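Observations on chain architecture
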Amino acid sequence: MRMSGVLRLLAVIFAVVTTWLFIREYIDFNMKTLRLPRWMASQLVKTKCGLSKSCQDNFFAFKIVSGAANVVGPTMCFEDQMIMSPVKNNVGRGLNIVLVDGTTGVVLKQKCFDMYSGDASLLAKFLKEISEQMLVLVASYDDPGTKMNKEIRELFSNLGSTHVMQLGFRDSWVFLGAQNFKSKSPFEQFLKNNPETNKYDGWPELLELEGCVPRKI
C-alpha cells in the first residue's frame, strides 16, 4: 500500500474515533444535566392519592370524588389509602361518609346513608357522635337530598359546610369538615341539579375535591 493510502486510512480512523469520543462525552453531559419539563416531571413524581402536588409535613393528603349520576359510585382516598370506592363495593346511594382521626390519620368509620328512601334519623345520630378530633369526608351519589331535613343541615353546617343548606334532589356534593373549624371549611364543592346545565340525563356533573388538610395537634 502506498504511503498516501496509509495516511488517508489513518486520517479516516482518527476522524471516526474523534467523532465517537465527542458524541459519547456529549451524551453523558446531557444526561447529567437533563431537566424534564415541569408537566412531565409532575407525572413521574408519585403523590399520595394522586394529588397534583405533595402535601407538607403535618398535613394529610385527601381526594374525594362524587358519584356520576346513578351509574358510577364515589371514591374517597386519605393518605394514599382508598377507603371507599365502587371497586371495593362499599359505596351506596345517598351520602357516603368517612370519619378519620385528625391526629393520627387512622380511619375510624365509613358508612353510606340512603337519602332517598332510608331513615334520616340514622344519619342524624351518626353526625351527633362525631368528636372534635375527627375529620369528616363526604361524597354524594345519585340523590343526597330528598331525606335531608333541618336537623341534618344544621349538623353539617356545624362541621363547616356552607352548601348543605341548599342541598337537594340529585345535587352533587363533596365535603371535608370538622367540629372545630374556626370558619367555614375551605374544602367543599357543590353543583345544583339543573336540567339546563346537567351533564348527565337528570344529574349534574361529578365533582372532584383534593387537597392537604392540617393535622390536628
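Criteria and cut-off values
Residues numbered from 1 in each chain as written. Predicted model: local features only at pLDDT ≥ 70, side-chain atom pairs only at ≥ 80, totals over all residues. Heavy atoms only, no water. UniProt positions renumbered as here; feature names shortened; annotations may be inferred. Helix = DSSP H or I, 4+ residues; strand = E, 2+ residues; numbered from the N terminus. Buried < 20%, exposed > 50% of the residue type's maximum accessible area, 1.4 Å probe, protein only. Contact = heavy atoms within 4.5 Å. Areas by Shrake-Rupley, 256 points an atom, 1.4 Å probe, with all protein chains shown as cover. Pairing = 2+ DSSP bridges. Axes fitted to C-alpha atoms, helices over the stretch in contact; angles between N-to-C directions.

Taking an unreviewed UniProt entry as the reference, the chain is identified by name as ILEI/PANDER domain-containing protein belonging to Rangifer tarandus platyrhynchus. Of the comments in the UniProt record for the chain, the one headed Subcellular location (unreviewed entry) reads "Secreted". As stated in UniProt under Sequence similarities (unreviewed entry), the record for the chain gives "Belongs to the FAM3 family."

A closer look at the overall build of the chain
Helix and strand content of the chain: four helices and nine strands. Listing every helix and strand of the chain by position from the N terminus yields α-α-β-β-β-β-β-α-β-α-β-β-β. Within the chain, the fraction of its 217 residues that count as buried is 40%. Residue pairs at least 24 apart in sequence account for 59% of intrachain contacts in the chain once pairs closer than 6 positions are excluded. Total accessible area on the chain stands at roughly 13100 Å², and carbon and sulfur atoms take up 58% of it.

What about the sheet that holds strand 5 (residues 107–113)?
Strands sit in the order 5-4-6-7-8 across an open sheet of five strands; the sheet is antiparallel. Edge strands, defined here as strands with exactly one partner in the open sheet, are strand 5 and strand 8 (188–191). Here the strands of the sheet are splayed against their neighbours by 15 degrees on average, with no regard to which way each runs. Where strand 6 (residues 134–141) lies against strand 7 (residues 172–178), five bridges are found, and the strand directions are antiparallel. In the sheet register, Leu137 faces strand 7, and the bridge partner there is Leu176. Across the sheet, helix 4 (residues 150–158) lies against strand 4 (94–101), strand 6 and strand 7, angled at about 55 degrees from strand 7, the strand it touches most.

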